[in-house]
Amino acid sequence: MTERQAINIVWFKRDLRLQDHRPLQAACQTELPTLLMFIVEPSQLQNPHLSLRHWRFIHQSIKDINQQLGPNSKRPVLAILHGECVDIMARLHSHFAINTIFSHQEIGDASTFQRDKDVHYWCQQQVINWQEFANGAVIRGCFNRDGWDKHWQQVMRDSQAHPNWLSFHPLILDASWHWAPPSEWCQPDQHFQCGGPSAATAWLESFFVTRGQAYSGSISSPSLSREHCSRLSPYLAFGNLSVRQVYQHLLSQWQRPGWRRSLRALSSRLHWHCHFMQKFESECSIEFRPVNSGYDHFPYRNDASVADDLTAWQQGRTGFPLVDACMRCLHHTGYINFRMRAMLVSFLTHHMSMDWREGVTHLAQLFLDFEPGIHYSQFQMQAGVTGINTIRIYNPIKQAQEHDSEGEFVKKWVPELEQVPTPLIFEPWKMTPMEAAMYQLEQDSPYLGPIFDLNERAREARERLWSWKKRADVKSEGARVLARHVRKTNKRKAS
């Protein structure tokens, strides 16, 4: 019987880059041949959070990495394998003697967490070393925030973990191992950001060359944010860049005249990114239930119109121009800015009085930058079910007047309103029949009769939310949430 070749494996997940990559760095320090692999799991292809836009972005990222590793190689260095992870590991181990598996910890959903537990058990059974490295500043098993901010600064200012490629010995699998992705993954869509470290670097550099100087003043505008926000979130979500890479690049620009306000704002967002991922890592059950158990029986709607109203929200057909423009823009491009995301969640959970779980998967499918750790924490905060955050009910009319004052964004994404003059576009249902005909609105247009009266729903939401927040069980549970997720100096502020 032929002795199996000893190998190491670097298992890529949401860390699709070649620089500042501790698993790669560690693998390069060994002398064994190393297989670089990404596993397309059938179970993840069925994951309701993921859609074509995410898989296309992943494929673009892997293609870019392979171009960097071996542009002239007949077979890719970073192999795409298809199958459930334990099955793939077992098949590899039957052909090779796996010595060590290197990977980052994944701050994923329940399905990837269970997958990792299965792999951990299999490695124990096979006496295989699995070295997992922290994901940025997120601490596994962290159940309070004492010292966490100091830890974040240490991690972000530490030296980047660059692999020594001179000592890298790649294991190139033969063609029978490789999986060809479906054709739709390979077809670019110009309306979406392209995946990969090269594209990520280009967006990073363009932000610090020109786009970013107007960042702080443009962050709330649905139109201006598309140009002046960093647009790095999908690259962070799929690991084309590390947070540390972005933060250290930011620090290198700190003394640029006229940039300080924008750099402070971006620095705060990077810290915020890790903060919410740490919340999810510390209490991942919030994928399924409110972080504050006092909201377990919050009185959401259950009437006969719920399904139709939810469909209207999902499709951008509510009759409220900015809400619909944001949803349609998401369908088409995968991106809207933070304020507009918060407004969509507020509209669903406050004005429509629907359970936040009714919309969380839909938006996950649409956000190109879907990051489980941020998504669930943020969704609950905007839905007002944490018991510790200020309740914000976003008025979509006021938001449009303040942040899309000329109606530019609405007219782009709701072309039915293109002919409507700016003063009327914010509340088109106030038009007379003659005006509606003049501005080419159909008689059955939702913009002449939105799905409900906004002022009445806002009043009901305020009464419902504030009365519930005063409950003893919500307050008691809020103290527990503060103790676990908020550093001591900020607990008074958060409450």
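Residues numbered from 1 in each chain as written. Predicted model: local features only at pLDDT ≥ 70, side-chain atom pairs only at ≥ 80, totals over all residues. Heavy atoms only, no water.

Engineer: Looking at this structure, I do not really get the side chain of Glu477. What am I missing?
Structural biologist: Here Glu477 is to be found in helix H24 (residues 472-485). Residue classification places Glu477 among the buried residues on the basis of a relative accessible area of 14%. Not counting residues up to four positions away in its chain, the partners in contact with Glu477 are Val291, Asn292, Ser293 and Gly294. (Helix = DSSP H or I, 4+ residues; strand = E, 2+ residues; numbered from the N terminus. Buried < 20%, exposed > 50% of the residue type's maximum accessible area, 1.4 Å probe, protein only. Contact = heavy atoms within 4.5 Å.)

Engineer: Hey, could you run me through the sheet that holds strand E5 (residues 129-133) in this one?
Structural biologist: Picture the strands of a sheet paired through backbone hydrogen bonds; they go either parallel or antiparallel. Read from one edge to the other, the open sheet built from five strands follows the order E3-E2-E1-E4-E5, with strand pairing classed as parallel. Every other strand in the sheet has two partners, leaving strand E3 (78-82) and E5 as the edge strands with one partner each. Averaged over all pairs of adjacent strands, the angle between their axes in this sheet comes to 30°, without regard to strand direction. The sheet contact formed by strand E2 (residues 34-40) and E3 spans five bridges and is parallel. Residue pairing in the sheet places Val40 in a bridge with His82 of E3. In this fold helix H4 (residues 85-95) packs onto strand E1 (5-12), E2, E3 and strand E4 (96-104), with an angle of close to 140° to the strand it touches most, E4. Lying over the sheet, helix H5 (residues 110-126) contacts E1, E4 and E5, oriented at roughly 145° with respect to E5. (Pairing = 2+ DSSP bridges. Axes fitted to C-alpha atoms, helices over the stretch in contact; angles between N-to-C directions.)

Engineer: Just checking my understanding: could you explain the side chain of Ser61 for this structure?
Structural biologist: Structurally, Ser61 can be placed in helix H3 (residues 52-69). Ser61 gets classed as buried once you look at its relative accessible area, which sits at 0%. Those residues within four positions of Ser61 in sequence are excluded, and the remaining contacts are Leu16, Gly195, Gly196, Pro197 and Asn240.

Engineer: Help me understand empty space enclosed by the protein in this model?
Structural biologist: Here the idea is plain: a probe the size of a water molecule rolls over the atoms and shows the empty space left. Counted under the stated rule, the structure contains six cavities of 30 Å³ or more. When its volume is computed, the largest cavity comes out at roughly 630 Å³. Around the largest cavity, the lining is made up of 30 residues, and of these Ser233, Trp272, Phe338, Arg341 and Asp369 lie nearest the centre. Of all the secondary structure elements, the ones that give two or more residues to the lining of the largest cavity are helix H11 (233-237), helix H13 (260-282), helix H16 (338-351) and helix H18 (372-383). For the lining of the largest cavity, the per-class residue count stands at 18 nonpolar, seven polar and five charged. Its volume calculated, the second largest cavity comes out at about 260 Å³. Secondary-structure elements contributing two or more residues to the lining of the second largest cavity are E1, E2, H3 and H5. (1 Å grid on protein atoms, 1.4 Å probe; cavity = no way out; pocket = protein on both sides within 12 Å on 5 of 7 lines; lining within 4 Å. Points joined across faces, edges and corners; volume = space filled by probe spheres on them. Nonpolar A, V, L, I, M, F, W, Y, C, P; charged D, E, K, R; others polar.)

Engineer: Hey, could you run me through unusual backbone geometry in this one?
Structural biologist: Its identity is not glycine, yet Arg231 carries a phi of approximately 60°, on the positive side. In this structure, Arg231 sits in the loop between helix H10 (224-228) and H11. Exposure remark for Arg231: the relative accessible area of 7% places this residue in the buried category. One non-glycine residue, Ser353, lies in the positive phi region at around 55°. Here Ser353 is to be found in the loop between H16 and helix H17 (360-366).

Engineer: Please explain the nonpolar core as it appears in this structure.
Structural biologist: Side chains that are nonpolar tend, in soluble globular proteins, to be buried together. Formed by 129 residues in total, the largest nonpolar core has its most connected members in Trp313, Leu344 and Leu363. Apart from the residues lying within four places of it in its own chain, the contact partners of Leu344 are Trp313, Val323, Cys326, Met327, Leu330, Ile336 and Leu363. Residues Ile7, Phe96, Trp130 and Leu171 belong to the second largest nonpolar core, which totals 23 residues. (Core = buried A, V, L, I, M, F, W, Y, C linked by side-chain atoms within 4.5 Å.)

Engineer: Explain helix H23 (residues 454-469) to me, please; I cannot follow it from the model alone.
Structural biologist: Along an α-helix, residues three or four apart share an orientation, since each turn contains 3.6 residues. Helix length check: H23 (16 residues) gives 22 Å between terminal C-alpha atoms against 22 Å at 1.5 Å per residue, within 8%. Residues of H23 that are buried: Leu454, Arg457, Ala458, Ala461, Arg464, Leu465, Trp468 and Lys469. Along the long axis of H23, the arc covered by the buried residues comes to 135°, so they all point the same way. Those residues of H23 hidden inside the fold are in contact with H16, H18, helix H19 (396-403) and H24. The backbone nitrogen of Asn455 has a side-chain oxygen 3.2 Å away, supplied by the residue at the start of H23, namely Asp453. (Expected span 1.5 Å × (residues − 1). Arc of directions from axis to C-beta. Polar contact = N/O pair within 3.5 Å; in protein donor to acceptor, adjacent residues only side chain to side chain.)

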